[in-house]
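# Examining the three-dimensional arrangement
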Amino acid sequence: MNLNATLIAQLIVFLGLCAFTIKYVWPPIAKALDERANKIAEGLAAAERGKSDFEQAEKKVAELLTEGRNQVAEMVANAEKRAAQIVEDAKVQAANEAARITAQAKADAEQEMGRAREALREQVAILAVKGAESILRSEINEKQHAKMLGALKQEL
């Protein structure tokens, strides 16, 4: 055998194998590699979108927390204002009630004093009438009159 003929035959077989590989074997492998590269790219893009969505969600949560804290602070402030108003209203109401009770007590005391004065006047009038009656019944005597007036003074 000739070395050149073997070499040429091997070259033809090699070129045939390369042509067969390029035509029938390489396209499915390239297609599979391209599909795998596309899937990886889609996965990376999805991961990037997920990261972006996560950042947006974190921002939204932070905004909602800030808004919630502000609302809670506002509610607390309103509740404190309302509590202060209720306390102030209760103080005013208590002061009004105390003034009313004091006025009523003063009026009651004045009525009682008036009744006591009236009763005292009645007793003084009764005693004066008794004294005058005693004076008129007994004879007119200065010593006796002085004794009777002293007794009346002690009764008063």
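What counts and how
- In this numbering scheme, every chain counts its residues from 1 along its sequence in written order.
- Per-residue local features are limited, in this predicted model, to residues with pLDDT of at least 70; the limit for side-chain atom pairs, both in listing and counting, is 80 or more; totals at the level of whole chains, interfaces and linings are taken over all residues.
- Hydrogen atoms and water are omitted, and side-chain values are computed over all heavy atoms in the structure.
- Without a salt bridge and with relative accessible area above 30%, a residue can belong to a patch; like charges are then joined within 9 Å and nonpolar side chains (Val, Leu, Ile, Met, Phe, Trp, Tyr) within 5 Å.
- Surface accessibility follows the Shrake-Rupley procedure with a 1.4 Å probe radius. Residue values consider only the protein chains on display as shielding.
- What counts as a salt bridge is simple: a side-chain nitrogen of Lys or Arg found within 4 Å of a carboxyl oxygen of Asp or Glu.
- Secondary structure is summarised from DSSP: a helix means a run of H or I of at least four residues, a strand means a run of E of at least two, and numbering begins at the N terminus for each.
- When a residue's accessible area, from a 1.4 Å probe over protein chains only, is under 20% of the maximum for its type it is buried; when over 50% it is exposed; and in between it is partly exposed.
- UniProt positions are given in the numbering used here, feature names are shortened, and annotations may be inferred rather than shown by experiment.

We now examine a nonpolar patch on the surface. Taken together, the side chains of Leu-17, Phe-20, Tyr-24, Val-25, Trp-26, Ile-29 and Leu-33 make up a nonpolar region of the molecular surface, amounting to roughly 730 Å² of accessible area. Checked against the element boundaries, Ile-29 lands in helix H1 (residues 3-137). Under the relative-accessibility criterion, Ile-29 is labelled partly exposed at 40%.

Taken from the UniProt record, the annotation "transmembrane region" (unreviewed entry) applies to residues 6-26. As a span, residues 6-26 carries 100% helix and 0% strand, and end to end its C-alpha atoms are 27 Å apart.

Let's shift gears to the pattern of salt bridges. Summed over the entire model, instances satisfying the criterion amount to two salt bridges. With a shortest N-O distance of 2.5 Å, Arg-100 and Glu-97 are connected by a salt bridge. You can see Arg-100 and its partner Glu-97 sitting in helix H1, three residues apart, about one turn around the helix. In this structure Arg-100 comes out as partly exposed when scored by relative accessible area, which is 49%. Of the charged contacts, one joins Arg-115 and Glu-112 as a salt bridge, the two residues approaching to 2.9 Å between their closest N and O atoms. Here Arg-115 pairs with Glu-112, and both are found in helix H1, just three residues apart, close to one helical turn.

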